[in-house]
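# Structural features, examined
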Amino acid sequence: MFATYLIGLREGLEATLVVSILVAFLVKSQRRDRLPQVWAGVGLAVALSVLFGWLIEYTSTSLLSRSEDRELFEAITSVAAVVFVTWMIFWMRRAARTIAGELRGRLTEALAVGSFAVAGMAFLAVVREGLETALIFYSAAQGAAGDSGPLLALVGGIVTAVVLGVLLYASALRINLGKFFTWTGALLILVAAGILKYGVHDFQEAGVLPGLNDLAYDITGALDPSTWYAALLAGMFNVTPAPTVLETIAWIGYAVPVLLLFLRPARRKPAPAPTTTVTERGADTGTEAKAEAATTPQRA
């Protein structure tokens, strides 16, 4: 359940920060009349994400009658979830410093067009996070059919993210978002490695990949699957006591290089020469910087 809580917390906080940037910009620009359109776009994005999650689950449990088809469907969604997790983690690492400015620029353009453009811009800014969350959650919660624990953990993570986002917006809480996204990113890479391992196992169950009975090792005697710590490792990172050779290769082959790339210190580009004067920037620069600092993730 920790894995799904982490997914909800990470994706929820990203979406909450996006909404906070949009709301802060409208409030500062004296355009509070456009806030209902922003909330309408956000609400539609959440509804579509829930519908997408239900559709994935319905397809797996009701539309696919053969077990081989279900295994293949789950394998494909697992691989897709790993791709999205990897892309999301590295995108946030690269775009953290510029996301606030980009969102304000898009919202400025939408304000010039009209209400539907504002709602559409807010919808597009949030729906990506929602669709990713639904897909990743489905893949991470496979094997927990009939158990409401993963869903409750996901909701708990999202609620925690919303509370943190509200406190950050109100400047009642100061946290190092750069370190937060670095640590949660590293943990999510391990979660993604487990999802990929699960996907490889499903491909083997479906007969697409060989080696279902070729075990890399068997430490069931030392890591009893019935113990709480074995269940914790399996639930968080899909570390099992008797994996196949291909599952082990997939887990290590993904986790090790991706972690090394993600944790590698980023090269700092030299700051460009200033092109504006203090007078040209205006008297409200300090206020804008304060709003951005409260809502924009900072690199570690």
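Structure's up top.
The structure contained in this document is the topic of the report that follows. (Residues numbered from 1 in each chain as written. Predicted model: local features only at pLDDT ≥ 70, side-chain atom pairs only at ≥ 80, totals over all residues. Heavy atoms only, no water.)

## Quick notes on the overall build of the protein
Each helix and strand in the protein was counted, giving eleven helices and zero strands. Secondary structure elements in the protein, listed N-terminal to C-terminal, are α-α-α-α-α-α-α-α-α-α-α. Accessible surface for the protein amounts to roughly 15,900 Å². Of this, 67% is attributable to carbon and sulfur atoms. (Helix = DSSP H or I, 4+ residues; strand = E, 2+ residues; numbered from the N terminus. Areas by Shrake-Rupley, 256 points an atom, 1.4 Å probe, with all protein chains shown as cover.)

## Some remarks on helix 9 (residues 245-263)
Between the first and last C-alpha of helix 9 there are 27 Å, a value that for 19 residues agrees with the 27 Å anticipated at 1.5 Å per step. Among the structural elements, helix 3 (67-95), helix 7 (177-205) and helix 8 (228-237) are those in contact with the buried residues of helix 9. (Expected span 1.5 Å × (residues − 1). Contact = heavy atoms within 4.5 Å.)

## Some remarks on unusual backbone geometry
Of all residues except glycine, most have a negative phi; of all peptide bonds, most are trans. For Q30, which is not glycine, the phi torsion reads 60 degrees and is therefore positive. Along the chain, the position of Q30 falls in the loop between helix 1 (2-28) and helix 2 (35-63). Although it is not a glycine, N238 adopts a positive phi angle of roughly 55 degrees. Inspection of the secondary structure puts N238 in the loop between helix 8 and helix 9.

## A short note on the nonpolar core
One finds L13, L22, V38, L103, L107 and F181 to be the most contacted residues of the largest nonpolar core, which totals 38 residues. A total of twelve residues in this core trace back to one element, the largest contributor, which is helix 1. Sequence-distant contacts of L22, defined by excluding residues within four places in its chain, comprise V38, L103, L107, M121 and A122. Counting residues in hydrophobic clusters, the runner-up holds 34 residues, among them I89, V191, V200 and Y254. (Core = buried A, V, L, I, M, F, W, Y, C linked by side-chain atoms within 4.5 Å. Buried < 20%, exposed > 50% of the residue type's maximum accessible area, 1.4 Å probe, protein only.)

## Here we look at the side chain of T16
Here T16 shows up in helix 1. A residue is classified by how much of its surface remains accessible, and T16, at 13% relative accessible area, is buried. Within the structure, T16 has its side chain in polar contact with the backbone oxygen of G12 (distance 2.7 Å). Residue contacts for T16: discarding those within four places in its chain leaves A161, V162, G165 and V166. (Polar contact = N/O pair within 3.5 Å; in protein donor to acceptor, adjacent residues only side chain to side chain.)

## Some details on the packing of helix 2 against helix 5 (residues 115-140)
One can describe the packing of helix 2 onto helix 5 by two numbers: an axis separation of 7 Å at closest approach and a directional angle of 30 degrees. For the element pair helix 2 / helix 5, the angle class is roughly parallel. For the pair helix 2 and helix 5, the sense of crossing is right-handed. Across the contact of helix 2 with helix 5, the residue classes break down as 17 nonpolar, seven polar and one charged. (Axes fitted to C-alpha atoms, helices over the stretch in contact; angles between N-to-C directions. Parallel < 35°, antiparallel > 145°, perpendicular 65-115°, else oblique. Left-handed = near helix turned anticlockwise from the far one by under 90°. Nonpolar A, V, L, I, M, F, W, Y, C, P; charged D, E, K, R; others polar.)

## A closer look at the packing of helix 1 against helix 4 (residues 99-113)
Interaxial distance between helix 1 and helix 4 falls to 10 Å at its minimum, and their mutual angle equals 55 degrees. The orientation of helix 1 with respect to helix 4, classified from their angle, is oblique. Considering only the axes of helix 1 and helix 4, their crossing is right-handed. Residue-level inspection shows V18, I21, L22, F25 and L26 of helix 1 in contact with helix 4, the latter providing I99, A100, L103, R104, L107, T108 and L111. Here the residues of the contact of helix 1 with helix 4 are counted per class, giving ten nonpolar, one polar and one charged.

## Regarding the pattern of salt bridges
Under the defined criterion, the tally for this structure stands at seven salt bridges. For D33, the salt bridge identified is with R31, shortest N-O distance 3.5 Å. We note a salt bridge from R66 to D69, for which the minimum N-O separation is 3.0 Å. Residues joined in a network through salt bridges with shared partners are R31, D33 and R34. (Salt bridge = Lys/Arg side-chain N within 4 Å of Asp/Glu carboxyl O.)

## Section: the environment of V127
With respect to the helices and strands, V127 occurs in helix 5. Each C-alpha atom of the pair V127 and L44 lies 8.3 Å from the other, and the pair is 83 residues apart in sequence. Ignoring any residue separated from it by four or fewer positions in sequence, one finds V127 in contact with A45, L48 and S49.

## With respect to the environment of E11
Summarising the element assignment, E11 is placed in helix 1. Residues E11 and V85, 74 residues apart in the sequence, show an inter-C-alpha distance of 10.0 Å. Those residues in contact with E11 that lie beyond four places of it in its chain are M88, E129, E132, T133 and I136.

## Quick notes on the packing of aromatic side chains
Applying the stated criterion across every chain yields a total of five aromatic pairs. Ring geometry for F90 versus F262: centroids 5.8 Å apart, planes at 85 degrees, classification edge-to-face. Here F262 lies in helix 9 and F90 lies in helix 3, a separation of 172 residues in the sequence. For F90, a relative accessible area of 25% corresponds to the partly exposed category. (Phe/Tyr/Trp six-rings, centres within 6.5 Å; stacked < 30°, edge-to-face > 60°.)

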